[in-house]
Amino acid sequence: MAKPVEQLSQVIVRFAGDSGDGMQLTGSQFTSETALLGNDISTLPDFPAEIRAPAGSLPGVSGFQLHFADFDILTPGDEPNVLVAMNPAALKTNINDLPKGGTLIVDEDAFKERNLQKAGYAVNPLEDGSLSEYQVHAVPLTSLTVGALKGIEGVTSREAERSKNMFALGLMSWLYGRPIEPTIEFLQAKFGAKRPEIAEANVKALQAGYAFGETTETFAVTYEVKPAKLKPGLYRNITGNQALSLGLIAASKQSGLPLFLGAYPITPASAILEELAGYKNFGVRTFQAEDEIAAAGAAVGAAFGGALGVTTSAGPGIVLKAETIGLAIMLELPLLICDIQRAGPSTGMPTKPEQGDLLLVLYGRNSESPVPVVAARSPSDCFDAAIEACRIALKYRTPVYLLSDAYLANGSEPWLLPDVESLPDISTAFATEPNVDGEFMPYLRDDQTLARPWAIPGTPGLEHRIGGLEKADVTGNISYDPDNHDLMTRLRTQKVAGIASDIPELEVDDPEGNAKVLVLGWGGTYGPIAAACRRVRKGGGNVAQAHLRHLNPFPRNTGEVLRRYDRVLIPEMNLGQLLKLVRAEFLVDAVGYNRVSGLPLRAAEVADAITALVEQ
Amino acid sequence: MAKPVEQLSQVIVRFAGDSGDGMQLTGSQFTSETALLGNDISTLPDFPAEIRAPAGSLPGVSGFQLHFADFDILTPGDEPNVLVAMNPAALKTNINDLPKGGTLIVDEDAFKERNLQKAGYAVNPLEDGSLSEYQVHAVPLTSLTVGALKGIEGVTSREAERSKNMFALGLMSWLYGRPIEPTIEFLQAKFGAKRPEIAEANVKALQAGYAFGETTETFAVTYEVKPAKLKPGLYRNITGNQALSLGLIAASKQSGLPLFLGAYPITPASAILEELAGYKNFGVRTFQAEDEIAAAGAAVGAAFGGALGVTTSAGPGIVLKAETIGLAIMLELPLLICDIQRAGPSTGMPTKPEQGDLLLVLYGRNSESPVPVVAARSPSDCFDAAIEACRIALKYRTPVYLLSDAYLANGSEPWLLPDVESLPDISTAFATEPNVDGEFMPYLRDDQTLARPWAIPGTPGLEHRIGGLEKADVTGNISYDPDNHDLMTRLRTQKVAGIASDIPELEVDDPEGNAKVLVLGWGGTYGPIAAACRRVRKGGGNVAQAHLRHLNPFPRNTGEVLRRYDRVLIPEMNLGQLLKLVRAEFLVDAVGYNRVSGLPLRAAEVADAITALVEQ
Amino acid sequence: MSDNGTNGHKLTLTAKDYRTDQEVRWCPGCGDYAILAAMQAFMPELGIARENTVFVSGIGCAARFPYYMNTYGMHSIHGRAPAIATGLAVTRPDLSVWVATGDGDALSIGGNHLIHALRRNVNFKILLFNNRIYGLTKGQYSPTSELGKVTKSTPMGSLDWPFNPLSLAIGAEATFVARAVDTDKAGMTEVLRAAAEHRGSAFVEIFQNCPIFNDDAFDFVRDDKEGINRIALRDGEPIRWGKDLQKALRQRSDGSIEDCAADDAGVLVHDAQHESAALAFALSRVTQETHGGTPIGVFRDVERPVYDDLMAEQLAAATEKRGEGDLAALLHSGETWTIG
Amino acid sequence: MSDNGTNGHKLTLTAKDYRTDQEVRWCPGCGDYAILAAMQAFMPELGIARENTVFVSGIGCAARFPYYMNTYGMHSIHGRAPAIATGLAVTRPDLSVWVATGDGDALSIGGNHLIHALRRNVNFKILLFNNRIYGLTKGQYSPTSELGKVTKSTPMGSLDWPFNPLSLAIGAEATFVARAVDTDKAGMTEVLRAAAEHRGSAFVEIFQNCPIFNDDAFDFVRDDKEGINRIALRDGEPIRWGKDLQKALRQRSDGSIEDCAADDAGVLVHDAQHESAALAFALSRVTQETHGGTPIGVFRDVERPVYDDLMAEQLAAATEKRGEGDLAALLHSGETWTIG
Ligand SMILES: Cc1ncc(C[n+]2csc(CCOP(=O)(O)OP(=O)(O)O)c2C)c(N)n1
Ligand SMILES: Cc1ncc(C[n+]2csc(CCOP(=O)(O)OP(=O)(O)O)c2C)c(N)n1
Ligand code: SF4
Ligand code: SF4
Ligand SMILES: [Mg+2]
Ligand SMILES: [Mg+2]
């Protein structure tokens, strides 16, 4: 007999377990099931920094958080409502995030002497009452799983045990009324061919978990979260690195130029290299270089040859590319540099997000070397941001930095698939003819864009030499003339500044229209900031929000927007980098909210910071 | 019979000729002669970028400008009063700098068909009246020299010809009443041993030139420039790179630490490596690395071992060191990085000065990676700046950037020799004992300076491991804890910010005390800015001047100083980098005067910019 | 190695003394554990005080090594360990300096520093943990991965011909070149001993299994129970191998190496000290692929002036000649004049 | 080299067509002039249109080369030319790509890119102008300067053992390795021809005199009128040299090379195609210092899959298998759902 169903508007679930427990798979399957129900979703995996820290150890804990709701949501959520902890270490490292009264589901079987020790528990937390403030469901997941799989041919007891994550998924699916069919299909597809018995075991475990929910006493009610009223259309769930990769392929198609990626593996950017390596039938060439310098250099060489040259990395590697980017600035060739920001300085915390590289990409080169900078605001937005960055690079013949971060890179959200027809045409023309009475002047600029002609090898009559030494205006010959250097320095700067007329104005979201406080953000903090603004507004506060996609140049109306408000708050995952830029350029006494913890900003904390200003 | 002597307060002479004509030697000898007369001096060599461009060609021209006066001067001077041009190319490339009415001395013999062609002269400028507005003295320097050297055994006619620079020097020495004895001694010392006949030839040429002045009609008067009233004491003429090298050796002595220099040759920094390589008896170890990354890395390794680790370079090389500096920031080890700035971006104009790297050294690393920055203001000031930079690095266990530029590096001025006793004690103590009940905590900070203990290998009981991953406060163990990362990020920043209490306040030079306009500068522009202020004041304008030695942190009174004035002008050899910093930090609506020409700022132009503000 | 390496005090160190309080964080079954154990067991015999020993590493799984050695240590940045070790060794000849690195760290991003350190013959020892894969970044191919290797970054197979680390080192003028196998503790210890005794830079390739991303890459020598695949190199001895040492190596007149019968007259006698690097190079070309056998042990071990010794000598000579530097005198050198 | 390198149109090019309007700015007497002349004279015979030829360089006197070749060209940054050329060659197999570099550019800062380009066997030709000095920066020693070299940066003599560029290249798995002399136009042209014909990366060391900072460094072969010091390598021929070719080379059983009489039975017959790199390596160890003679010509020239070919094949294979990429299909791949 069915149990009562309780309606919920949103739920935040976190699966946590040992690296070996398959939490990422569990989480992403729960995500698929949820997506199909039409909820809005936002997910955030939390990998351990180590490859495989010792089983059961604290550094070995792997987590996956999923936020789903019947409205459009903006973040994976600050704190979970439900925590599934597969072992003591997972409990230890995650319990502090669970608010009092939250639901806690643990695998009772895992709370044995050795595991408790490894997690640093003197006594079993399930027994010492330390969890009394939570709704604890201690379920013997392992033994129940093993029991359910008895008698399946060819499945070792080890393998049977390892299916416990599917048992947990089944239980959660029942609890929140998710259909388990898609997961069953997935499991068949994944193991069916090679090891049908494993497929069977996992499916059985999944179903057993689901059934367990229905039958056991421990769960009195089940929950339902109605579909969200999202923009109609075809959706798919996508991470930032996937979206960025697809964006590059789209840019290649839309520009008609072959894509060349020069990259050296580094967390959290490696996935882009790995993703693109799979699209060779799109004419994509991926080159795993000996280091980041070579990766960038090869991309410059490819650009000289007429390809869409791209190089991807993260902090320590981005820094190494600087000299090569300086060359590209002198050569005035199109080039895209993707910086998937991670916590630093130096090696820092490689798997954690940060917004620490804004000033680096703007100023991290010798002398005056201006570059446009574009930043993505959400996982799926990486697709559009990549196309926009390529558009600017190609049209203005300049290196462009695209900023993402470890949170966008690995986080996922539903993506309303664009129709290919609607994608912008970003094609650009190569020079084919001499441009000054029979001669070719490689630095004769387009008076509109100030871009120079792009003449690629193989074009008869346009043979020319370019290099990193200062060059004479128009001819591009080496020049040490003082006035010429001053002129060229200003021309390069004007070219980039001029892009302001070619990008949209800064939009402000100010529902009431009478806010006195503006919250300005950029990049990956869009979700938490928008969520924070909602909270403040729900609480009756008036606040306006604006979010920058272009960091250089700024949208032409930025100063005007900023001056409209009494107070400007700039939340960042750094110590105030955009803040510096805004104060310097617009002399606005903006203030920052800064957290440098290697975690996405928490909407609640940002909301408090806003409220403090609003109520002043 | 002696000619009438005219008194002058100051003179600016420029020698210009082919790379092969020995203009640098001529200039430096004229400088020595002048120094001994007690004039104040400022010199600026102007090398061709090529090693040896073809003889007689425009790119092959080499120049040396000397400014001497009976008062304390600040710059090599904007434009020469006297130009000595040894060939048509030298005339062509320099004549535009000579103001109308200026004195021009040329080697008539060199104005032959081929040379004129190479310089791009259709007709001989000595004959087409194009020089009518100058006081032209066309002297057959070559033939006169050759004539004078007739009959010297073992001197080829080629060698005789090449002595013409000494003839020119003799003539100039006579014209300005300089003693030629020091040059005679110099020549004996230089050639006497190996080739006495060459010494003789040069001396003869020198004397002949001097005598020619006395006897010829072309020069009606001679000039005298009285000694300058300089601070009494022992002086020597010194270039910025020499002074910087000596400063490093002094820092080594004053800290009691052996000096280790890791460097890769690059213009205009190479001279420091070359200079220091000559001081092995001071325990100086110079390591010419395979590249700039290795040079910086080796310096970090040396610092880990307890040496005074230094690395030197210029733009393109400084950029390559960034990742290693980031590591040093995490390791919190002392390290000095000297950036001899040159015109960029990319390879740019390697021999020309610029102030383009300020934002680079401040922000050119991934994530929040604060570093102190010190800048030298004049050639001799490089000595003190180097010691100060080392003091900060050692006391605060941090990498420090020292900024110089191609103008300071190669320019020279008289240096009042410091008395060694007066040099600061910058010694620092290594950790020798465990610091927390029997254990050693490598990141337990001094609560005053926030510096961590420096425990070097070889110290029993303090064995520890450090690295580029984020580390736990106090213990220094690897930590991914969010709050710890936020804390450490702020601690590293506070440590550097705290240095403000350990550096002098910003001094303002405001003779009248009622100026409304402040001119703020930093680094190598001190001379031109101070000279400009003098001009403005001479012209009755009131202007205050302040010059920053510390760019990070700023002196604690900087904001207060800036706010005292109605207008703040910031002249820079870039597009406004200090300007950005000042506006961002103090919200002061300062304006910039910016020239990016690869030349030192011209006092006259800066003065105009000041006047424009003063008169508003 | 420092003569007073013991820092005076008597040493009674054991492997345990070299363990740190840090939890070792490699995957279960990682070859790095065996290397760590062998190193900790070997260290005491060096007779060098712990505080006079330094391990420097770059980034990678292998590069975690210093955290687990209770000596001084630096976990630096990717590929730069040899450069950092150079600065340390040159300023501190009294220390015993070791570099722990991976095939990506040493041969990909760090290739240049490696070959320059080897030609300079700076006095530190380089242990290259070669698992023929990028472990820490989760399984992309490395410069030692075989051609056509299918990895995360090469779904259709890698396109670049791999380095032979020993050939590269010998081509870079290395004075000491050796190879060991992670699980062969005795063999590795011999090699470590020889490396430690060699004054100058020593290059040791260690075959290291990465069970997670490149399992079984070295089974041909790791599981070589009867030793049919290992060609043990012993200085001064004829190179015989295979089952009951029935095979041997002989050098063709063109310099390349071929198999021959154990009793062949021309059996190659190993000479690690040979003034020409040609023999060691030829041996480095003998691989499982080309000859069905893999030489293990010391390929080359020759004397050559050591960079840090030469530098010390120059400093001494300069001081000898010009006396201890006198700062005041230095500042006052050159042409000076007085203004009264 | 591109098959349709002529771009259709008939070519009647001469050396003059390869000159640019830029004034050549090397010092009088610089060996670079001779190299430039030889290259300009050789180019036409390649039968490749000027617009399909690209010269890439780093920084240095040698690196000025592209400015003087009337083709496409890039004067890039110090040491990075091989990396840049790799990106160009991989995306434009239709071009003839050449790298002009110096001993500092290629072997000091650029060493890593060089060895990786060689092992990958990317299709471009590397000309290393070796003057054993840093010219452009006015005379510091370089990685090929002899030990003890007194230069601006080493007043008491350099401390580092030099690279042997050919040994390094061979150790880095190079498929084509040769040496030429700046003033020997005929010999250089032969080598350039062989390099151009070799598919894959070719490494050519050119002895180049720097009269300003390292004059006469190569007199032993440059002024070698009777050819007593040059050992001319000719594939398939016995290696005889010296006055009237009375000397010859023979290989010891230990792989090293010794002198012998011209009529010695075991005279070494040069085999540039030998599958083992051991011979070429051994020959690279024969130097003026060790043998009083210097081999000139092609040391090694073997076939190996070319990186850019393999990449092109993978793209073709992938397209063959999955069809031309369809963007719309790609975006819609994976699990999708509709919201109505
Ligand atoms: C500058 C920089 N680039 C890239 C990385 C990412 N990274 C860390 S380790 C590594 C390679 C590891 O491979 P290897 O050296 O073979 O060590 P292993 O993990 O296999 O032991 C890479 C690419 C980095 N940390 N820093
Ligand atoms: C990143 C960087 N470091 C250093 C330099 C300075 N530099 C230019 S060329 C050169 C070396 C030149 O030597 P080589 O490559 O042998 O060429 P050569 O001038 O002898 O022909 C150096 C160190 C530079 N331009 N860029
Ligand atoms: S990934 Fe491989 S190399 Fe790294 S720790 Fe795990 S098993 Fe060892
Ligand atoms: S310095 Fe040497 S290499 Fe450079 S151009 Fe002059 S002669 Fe040639
Ligand atoms: Mg590896
Ligand atoms: Mg050179």
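The present account deals with the structure reproduced in this document. For clarity, every value in this text was computed on a predicted model and none was experimentally measured.

What follows deals with the overall build of chain C. Looking only at helices and strands, chain C features eleven helices and twelve strands. In terms of overall dimensions, chain C is globule-like: its C-alpha atoms have a radius of gyration of 22 Å, near the 20 Å expected for 340 residues. With respect to the principal axes defined by its C-alpha atoms, chain C has extents near 90 × 50 × 45 Å. The centroid of the 33 positive side-chain charges in chain C is displaced by 4 Å from the centroid of its 44 negative side-chain charges.

In this section: the overall build of chain A. A tally of regular secondary structure across chain A gives 21 helices and 23 strands. Here chain A has a C-alpha radius of gyration of 27 Å; the compact-globule value for 616 residues is 25 Å, and the two agree. Based on the C-alpha atoms only, the size of chain A along its principal axes is roughly 90 × 60 × 45 Å. Counting every position in chain A, which comprises 616 residues, the buried fraction comes to 67%. Excluding contacts between residues fewer than 6 apart, the proportion of contacts in chain A whose partners are at least 24 apart in sequence is 76%. With an accessible surface of roughly 19500 Å², chain A has 51% of that area assigned to carbon and sulfur atoms.

With that settled, the discussion passes to the packing of aromatic side chains. Under the counting rule described, the total for this entry stands at 48 aromatic pairs over all chains. Ring geometry for A:Phe30 versus A:Phe68: centroids 5.9 Å apart, planes at 65 degrees, classification edge-to-face. Linking A:Phe30 in helix H1 (residues 23–36) with A:Phe68 in strand E4 (residues 61–69), this pair joins segments that are 38 residues apart in sequence. Comparing A:Phe30 with A:Phe68, the two get one shared label, buried. Here the aromatic cluster, defined as three or more aromatic residues joined through ring pairs, consists of C:Trp26, C:Tyr33, C:Phe55, C:Phe65, C:Tyr68, C:Trp98 and C:Phe129. Between the NZ or CZ atom of A:Lys92 and the centre of the ring of A:Tyr121, over which it lies, the distance is 4.6 Å. When the ring centre of B:Tyr443 is taken as reference, the NZ or CZ atom of B:Arg452 above it lies at 4.6 Å.

We now examine the side chain of B:Asp381. Among the secondary structure elements, B:Asp381 is positioned in helix H15 (residues 381–396). With residues up to four places along the chain from it excluded, the contact list for B:Asp381 reads B:Ala375, B:Ala376, B:Glu413 and B:Arg549.

Angles between donor atoms at a metal ideally measure 109.5 degrees for a four-coordinate tetrahedral arrangement and either 90 or 180 degrees for a six-coordinate octahedral one. Residues and elements named next belong to chain C. Protein ligation of the magnesium ion (ligand 5) involves Asp103 (OD), Asn131 (OD1) and Ile133 (O), the donor distances falling in the range 2.0 to 2.2 Å. Along the chain, the residues donating to the magnesium ion (ligand 5) are arranged with the sequence spacing D-x27-N-x1-I. In this pair, Asp103 sits in helix H3 (residues 103–109) while Ile133 sits in the loop between strand E4 (125–130) and helix H5 (165–171), placing the two residues 30 residues apart along the sequence. Both residues of the pair, Asp103 and Ile133, belong to the buried class.

Taken together, A:Ile51, C:Trp26, C:Cys27, C:Cys30, C:Cys61, C:Asn131, C:Gln208, C:Cys210, C:Pro211, C:Ile212 and C:Phe213 form the complete shell of residues around ligand 3. One finds residues of chains A and C in close proximity to ligand 3. Here the shell around ligand 3 is built from residues that sort into nine nonpolar, two polar and no charged.

Moving on, we get to the interface of chain A and chain B. On the chain B side, the residues contacting the 65 residues of chain A number 65 residues. A combined buried area of about 5300 Å² lies between chain A and chain B, and 62% of that area is made up of carbon and sulfur atoms. Ranking the residues of chain A by area buried against chain B places A:Pro345, A:Asn366 and A:Tyr480 at the top, with a combined share of 13%. For the pair chain A and chain B, the number of links is four salt bridges. Here B:Arg595 ties to A:Asp483 by a salt bridge, and the two come within 2.9 Å at their closest N and O atoms. Joining chain A to chain B, the criterion identifies 32 residue pairs in polar contact (both at pLDDT 80 or more). Those elements giving two or more residues to the side of chain A that touches chain B turn out to be helix H12 (315–320), helix H13 (322–331), helix H14 (358–363), helix H17 (482–497) and helix H20 (577–586) of chain A. The dominant element in the side of chain A that touches chain B, judged by the number of residues it contributes, is H17(A), at eight residues.

A word on the coordination of the magnesium ion (ligand 6). Bound to the magnesium ion (ligand 6) on the protein side are D:Asp103 (OD), D:Asn131 (OD1) and D:Ile133 (O), at distances that span 2.0 to 2.2 Å. For the magnesium ion (ligand 6), the donor residues sit on a single chain with the sequence spacing D-x27-N-x1-I.

A word on the packing of helix H4 (residues 141–149) of chain B against helix H6 (residues 164–175) of chain B. Residue and element names in this part refer to chain B. With their axes 9 Å apart at the nearest point, H4 and H6 run at an angle of 100 degrees to one another. In terms of orientation, H4 and H6 fall into the roughly perpendicular class. Residues Leu141, Thr142, Leu144 and Thr145 of H4 form the contact with H6, whose participating residues are Lys164, Phe167 and Ala168.

Right, let's talk about the sheet that holds strand E11 (residues 285–288) of chain A for a bit. All names here are of chain A. Here we have seven strands laid out as an open sheet, ordered E11-E10-E12-E13-E15-E14-E21, and mixed in their pairing. The open sheet has two edge strands with one neighbour each: E11 and strand E21 (550–552). Across this sheet, the average inter-strand angle for adjacent strands is 20 degrees, counted without regard to direction. In this fold helix H9 (residues 240–255) packs onto strand E10 (259–263), strand E12 (308–313), strand E13 (335–341) and strand E15 (399–405), with an angle of close to 170 degrees to the strand it touches most, E12.

Now for the relation of the copies chain A and chain B. A rotation about an axis combined with a shift along that same axis relates the two copies of the chain. Its rotation angle being 180 degrees, the transformation that places chain A on chain B also includes 0.0 Å of axial translation and leaves an RMSD of 0.0 Å. The transformation relating the two chain copies, once decomposed into turn and shift, fits a two-fold axis. Taken together, the interface assignments show that 100% of the residues at the interface of chain A recur at the interface of chain B, consistent with an identical surface on both copies.

Glancing now at unusual backbone geometry. What you tend to see is this: most non-glycine residues have negative phi, and most peptide bonds are trans. Residues and elements named next belong to chain A. Omega for the bond connecting Asn552 with Pro553 falls within 30 degrees of zero, at -5 degrees, which places this linkage in the cis form. Position of Pro553 relative to the elements: it lies in the loop between E21 and helix H19 (558–563). The phi angle at Arg397 is positive, at roughly 50 degrees, despite the residue not being glycine.

Turning our eyes to something else, we now look at the interface of chain B and chain C. Interface size, as often reported, equals the accessible area lost upon joining of the parts. The interface is formed by 70 residues belonging to chain B together with 57 residues belonging to chain C. Where chain B abuts chain C, roughly 5400 Å² becomes buried across the two surfaces, and 63% of that area is made up of carbon and sulfur atoms. Applying the counting rule to chain B against chain C returns three salt bridges. Between C:Arg50 and B:Glu463 there is a salt bridge whose closest N-O contact spans 3.9 Å. Summed over the shared surface of chain B and chain C, the result is 27 residue pairs in polar contact (both at pLDDT 80 or more). Residue assignment for the side of chain B that touches chain C shows that the elements contributing at least two residues are helix H1 (23–36), strand E9 (233–239), helix H9 (240–255), strand E11 (285–288), helix H11 (292–304), helix H13 (322–331), strand E16 (412–416) and strand E17 (465–467) of chain B. Looking at the side of chain B that touches chain C element by element, the count peaks at eight residues for H11(B). Residues belonging to the side of chain B that touches chain C are distributed by class as follows: 40 nonpolar, 20 polar and ten charged. As paired elements, E9(B) and strand E12 (residues 336–339) of chain C share four bridges and run antiparallel to each other. Directly across from B:Tyr235, in E12(C), lies its bridge partner C:Trp337.

The next subject is the sheet that holds strand E6 (residues 202–207) of chain C. Here nine strands make up an open sheet; going across it, the order is E17(B)-E2(C)-E1(C)-E3(C)-E4(C)-E6(C)-E5(C)-E11(C)-E7(C) and the pairing mixed. Two strands close off the open sheet at either side, each with one partner strand: E17 of chain B together with strand E7 (230–233) of chain C. Here the average twist between neighbouring strands, direction ignored, is 20 degrees. The pairing of E7(C) with strand E11 (residues 294–301) of chain C spans four bridges and is parallel.

Moving on, we come to the environment of B:Val146. Residue and element names in this part refer to chain B. Within the fold, Val146 resides in helix H4. Residue classification places Val146 among the partly exposed positions, given a relative accessible area of 26%. Along the backbone, Val146 and Ala160 are 14 residues apart, and their C-alpha atoms lie at a distance of 5.5 Å.

Turning our attention to the nonpolar core. Core analysis: the biggest nonpolar cluster contains 350 residues, and A:Leu520, A:Leu578, B:Leu520 and B:Leu578 have the highest contact counts within it. Once you skip the residues sitting within four places of it in the chain, A:Leu578 turns out to touch A:Leu358, A:Leu520, A:Gly521, A:Trp522, A:Leu548, A:Leu551, A:Phe554, A:Ile570 and A:Glu572.

On to the pairing of strand E9 (residues 247–251) of chain D, then. All names here are of chain D. The pairing of strand E8 (residues 240–241) with E9 spans two bridges and is antiparallel. The partner of Trp241 across the bridge, within E9, is Lys247. With antiparallel pairing between neighbouring strands as the criterion, E8 and E9 make up a hairpin whose turn holds five residues, including Gly242 at a positive phi of roughly 80 degrees. Of the pairings in the sheet, the one linking E9 to strand E10 (residues 257–261) comprises five bridges and is antiparallel in character. From the neighbouring strand, Lys247 faces E10, where its bridge partner is Ala261. A loop of five residues connects E9 with E10, the two strands running antiparallel in sequence, and Gly255 in this loop sits at a positive phi of about 95 degrees.

Attention shifts here to the pattern of salt bridges. Overall, the coordinates contain 81 salt bridges over all chains when judged by the stated rule. Ionic pairing is found between A:Asp589 and A:Arg583, a salt bridge with its closest N-O pair at 2.8 Å. What makes A:Asp589 partly exposed here is its relative accessible area of 48%. Between D:Arg250 and D:Glu258 there is a salt bridge; the shortest N-O distance is 3.0 Å. For D:Arg250, a relative accessible area of 26% gives the class partly exposed. Residues participating in the shared-partner salt-bridge network are A:Glu290, C:Asp160, D:Arg119 and D:Arg120.

Cut-offs applied
Residues numbered from 1 in each chain as written. Chains lettered and ligands numbered in written order. Predicted model: local features only at pLDDT ≥ 70, side-chain atom pairs only at ≥ 80, totals over all residues. Heavy atoms only, no water. Helix = DSSP H or I, 4+ residues; strand = E, 2+ residues; numbered from the N terminus. Rg over C-alpha atoms; globule rule 2.2 N^0.38 Å. Lys, Arg positive; Asp, Glu negative; His and termini not counted. Charge placed at Lys NZ, Arg CZ, Asp CG, Glu CD. Buried < 20%, exposed > 50% of the residue type's maximum accessible area, 1.4 Å probe, protein only. Contact = heavy atoms within 4.5 Å. Areas by Shrake-Rupley, 256 points an atom, 1.4 Å probe, with all protein chains shown as cover. Phe/Tyr/Trp six-rings, centres within 6.5 Å; stacked < 30°, edge-to-face > 60°. Lys NZ or Arg CZ within 6 Å of the ring centre and 35° of its normal. Donors = N, O, S within 2.8 Å, 3.2 Å for Na, K, Ca; no water. Near = heavy atom within 4 Å. Nonpolar A, V, L, I, M, F, W, Y, C, P; charged D, E, K, R; others polar. Buried area = accessible area lost by both parts, 1.4 Å probe. Salt bridge = Lys/Arg side-chain N within 4 Å of Asp/Glu carboxyl O. Polar contact = N/O pair within 3.5 Å; in protein donor to acceptor, adjacent residues only side chain to side chain. Axes fitted to C-alpha atoms, helices over the stretch in contact; angles between N-to-C directions. Parallel < 35°, antiparallel > 145°, perpendicular 65-115°, else oblique. Pairing = 2+ DSSP bridges. Least-squares fit on C-alpha atoms with pLDDT ≥ 70 in both. Core = buried A, V, L, I, M, F, W, Y, C linked by side-chain atoms within 4.5 Å.

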